[in-house]
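Given next are the chains, with one letter for each unit.
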Amino acid sequence: MTTNRVANLLRRRESPQRPTFLELFFDLVFVFALTRIVHELVLDYTRGHVAERLTTSLAENGETLLLFLAVWWIWTQTAWMTSRFDPFQPAIQFVVLATMYGSLFLAVAISGALAETGLLFASTYVAIQVGRSLFFVLTVRGHDLRRVNMLALVWFGASAVPWLAGAFAPEVMRNSLWTLALAIDYLGGRLGWPVPRLGRSRVSPWAVAGEHLAERYWQLVIVALGETILTSGSSLLRGPIVAERTVALTLSFLTTALLWRIYFYRAGQILGEAIKASADPGRLGRLAEFSHLLMVAGILATSAGSELVLIDPSGDAKPAWVGAILGGPALYLAGRSVFEYVAFARVSRPRPIGIIVLAVMAPVMVGLPPLVVAAAAVTVLLGVAVSDTTRAHGRPLEEASPPR
C-alpha cells in the first residue's frame, strides 16, 4: 500500500498542470548547454578541411549530435519526472536541483568531451541517470513507480559501462561506445525498460500529465530560440559592427522570429488538447517528443548557420556552410510537420514544399555570399508563415484532431 509520504510526492490529477518556477529555473542551465552545442557545431564548420567538404562536416556533426542527444535525454527524463512527481515537494526539488547542478558540469564538459573532458562528461551523465533512478527506488516504496525506476536503473547501469569505457578510449572507439550507450538509453525508454522476469513499464507520463509535458516542450523551444539570439548577439560583439554584419544579425533575428511564429501557430498552442483527446496519449506523446527533438536540433543548426554568416557575411559560402544555413530550417520544418500531424492528423503543404525548396536551392547557393544564403532561408520561412496566415484568414480556430 502506498504510504502517505509517497502519495505526497506524486503529482495529483486535480492539481494545476502548469510548469513551476523551479522547472523554469532548471532550464537556465540548458541555455548554457545548448550554447556549448552550437559552439561545437560552429567549430565543426570552420575547421579548414571540414568547411570545404560536406561529407566530412556531416561526420563531425555526428560527433556533436552524440553530445546533444545526451543533453536532450537528461532534459526529457527530468520533464517526465516532474510530470509524475510534485515539484513543490522538497524531495523532488532536491532531485531537480541536483540534476541541474550535474547538468552544469555536463555542459562545461561538452567542448572537450571527445578529448580531455570525456571522463567528466560521461561520469556526470551516468551519475545523473543512475543517481536519480536510485533515489526514487529508495524513496517511492510501495508504489508502481518504484518498479519503473528499478527497471530504468538496470538499463542505466548497463549503459554506464560503454559510457565510462568510452571515456578512456581513443576518439573513434569512444564514438562507437557512446553511440552504443545512447542506443541503450533511448531504446530502454522507448520499450519501457524491459528486464527479463521483471517485465516492462507500461506507465506513460504523457497519459498522466500531457498538458504539463506539452508546456515543458514549448518552454524548451523558447530556450533554444533564446540561445540563437544570445549566440548571434555575442558573435556580433566579437568583431566590428559594420553594415554587413548588422544585416547578418537582422537576418538572424528574422529567422528566429519566423521559427517562433511557425511553431506556435495553432498546433503549438493545442498540443495538450491533442494529447488529451488521443485514444493513445502515450504513443502520440512519444511522437510529439520526436517532433520536438527534430525542431530543437534544427534551431541549433540554424543558430550555428547564423554565426557563420556573422563570421564572414560577404565571403564565398562553402558547401558545409550552406548545409548549416539552409539545413537547419529544413530540419526544423520536418519536425514541425511531424508536430502538425500530432495535432491535426495531417501535414499542410507549405512545410514539405519549404523543405524541398531549401534542398533545391542548396547546390545553387554554394559560392555565393553567406548573407545571400541567409536571406534565401528567411524568404522560404516567410513564405511558410504567410501561407499559414492566409490559409486561416477568416476561418474559426482549428480544433485538435489527433490521429486515431
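Not measured: the values here are computed from a predicted model.

## Topic: the packing of helix α7 (residues 144-167) against helix α8 (residues 171-191)
And then number 1: Packing of α7 against α8 leaves a shortest axis separation of 8 Å and a crossing angle of 165°. As summarised for this structure, α7 and α8 are arranged roughly antiparallel, according to the angle between their axes. Between α7 and α8 lies a crossing whose hand is left-handed. Here Trp-155, Phe-156, Ala-158, Ser-159, Pro-162, Trp-163, Ala-165, Gly-166 and Ala-167 of α7 come into contact with α8, specifically with Arg-174, Leu-177, Trp-178, Leu-180, Ala-181, Leu-182, Ile-184, Asp-185, Leu-187 and Gly-188.

## Here's the deal with the confidence of the model for the protein
And then number 1: On average, the protein scores 88 in pLDDT, and the residues at 70 or more come to 94%.
And then number 2: Mean pLDDT in the protein bottoms out at helix α3 (residues 48-51), which sits at 50, and peaks at helix α14 (residues 350-365), which reaches 96.

## So, the packing of aromatic side chains
And then number 1: One pass over the full model with this rule turns up 19 aromatic pairs.
And then number 2: With a centroid separation of 4.4 Å and 20° between ring planes, the pair formed by Phe-85 and Phe-136 is classed as stacked. Here Phe-85 is found in the loop between α4 (54-84) and α5 (90-109), whereas its partner Phe-136 is found in helix α6 (residues 118-139), with 51 residues between them in sequence.
And then number 3: Residue Phe-136 is classed as buried on the basis of its relative accessible area of 2%.
And then number 4: Taken together through their ring pairs, the aromatic side chains of Phe-68, Trp-72, Trp-75 and Tyr-217 make up a single cluster.
And then number 5: The lysine or arginine in question, Lys-318, covers the ring of Trp-321, its NZ or CZ lying 4.6 Å from the ring centre.

## Structural notes on empty space enclosed by the protein
And then number 1: Under the counting rule described, the total for this entry stands at two cavities of 30 Å³ or more.
And then number 2: Empty space within the largest cavity amounts to approximately 90 Å³.
And then number 3: Lining of the largest cavity is provided by Ala-248, Leu-251, Ser-252, Thr-255, Thr-302, Gly-305, Ser-306, Val-309, Ile-325, Pro-329, Ala-374 and Ala-377.
And then number 4: Of all elements in the fold, only α10 (243-264), α12 (281-311), α13 (319-344) and α15 (370-392) reach the threshold of two or more residues within the lining of the largest cavity.
And then number 5: There is about 50 Å³ of room inside the second largest cavity.
And then number 6: If you go around the second largest cavity, the residues you meet are Phe-30, Leu-34, Phe-68, Val-71, Trp-72, Trp-75, Leu-220 and Val-296.
And then number 7: Of all the elements in the fold, those that place two or more residues in the lining of the second largest cavity are α2 (21-46) and α4.
And then number 8: Per-element tally for the lining of the second largest cavity: the top contributor is α4, with four residues.

## A few points about a nonpolar patch on the surface
And then number 1: A surface patch of nonpolar side chains, amounting to about 520 Å² of accessible area, comprises Phe-32, Tyr-101, Leu-104, Phe-105, Val-108 and Leu-120.
And then number 2: Inspection of the secondary structure puts Phe-105 in helix α5.

## Structural notes on the pattern of salt bridges
And then number 1: Applying the stated rule across the entire model yields eight salt bridges.
And then number 2: A salt bridge links Arg-216 to Asp-27, with the shortest nitrogen-to-oxygen separation between them at 2.9 Å. Of the two residues, Arg-216 is situated in helix α9 (residues 205-237) and Asp-27 in helix α2; the sequence distance between them amounts to 189 residues.
And then number 3: Its relative accessible area of 2% is what places Arg-216 among the buried residues.
And then number 4: Note on Asp-27: relative accessible area 3%, which makes it buried.
And then number 5: One salt bridge connects Glu-340 with Arg-346, and the closest N-O pair in it is separated by 2.2 Å.
And then number 6: On the basis of relative accessible area, Glu-340 is assigned to the buried category, the value being 3%.
And then number 7: Where salt bridges share partners, they join Glu-340, Arg-346, Arg-351, Asp-388 and Arg-391 into one cluster.

Procedures and definitions
Residues numbered from 1 in each chain as written. Predicted model: local features only at pLDDT ≥ 70, side-chain atom pairs only at ≥ 80, totals over all residues. Heavy atoms only, no water. Axes fitted to C-alpha atoms, helices over the stretch in contact; angles between N-to-C directions. Helix = DSSP H or I, 4+ residues; strand = E, 2+ residues; numbered from the N terminus. Parallel < 35°, antiparallel > 145°, perpendicular 65-115°, else oblique. Left-handed = near helix turned anticlockwise from the far one by under 90°. Contact = heavy atoms within 4.5 Å. pLDDT = per-residue confidence, 0-100. Phe/Tyr/Trp six-rings, centres within 6.5 Å; stacked < 30°, edge-to-face > 60°. Buried < 20%, exposed > 50% of the residue type's maximum accessible area, 1.4 Å probe, protein only. Lys NZ or Arg CZ within 6 Å of the ring centre and 35° of its normal. 1 Å grid on protein atoms, 1.4 Å probe; cavity = no way out; pocket = protein on both sides within 12 Å on 5 of 7 lines; lining within 4 Å. Points joined across faces, edges and corners; volume = space filled by probe spheres on them. Patch = residues over 30% accessible without salt bridge, like charges linked within 9 Å, V, L, I, M, F, W, Y side chains within 5 Å. Areas by Shrake-Rupley, 256 points an atom, 1.4 Å probe, with all protein chains shown as cover. Salt bridge = Lys/Arg side-chain N within 4 Å of Asp/Glu carboxyl O.

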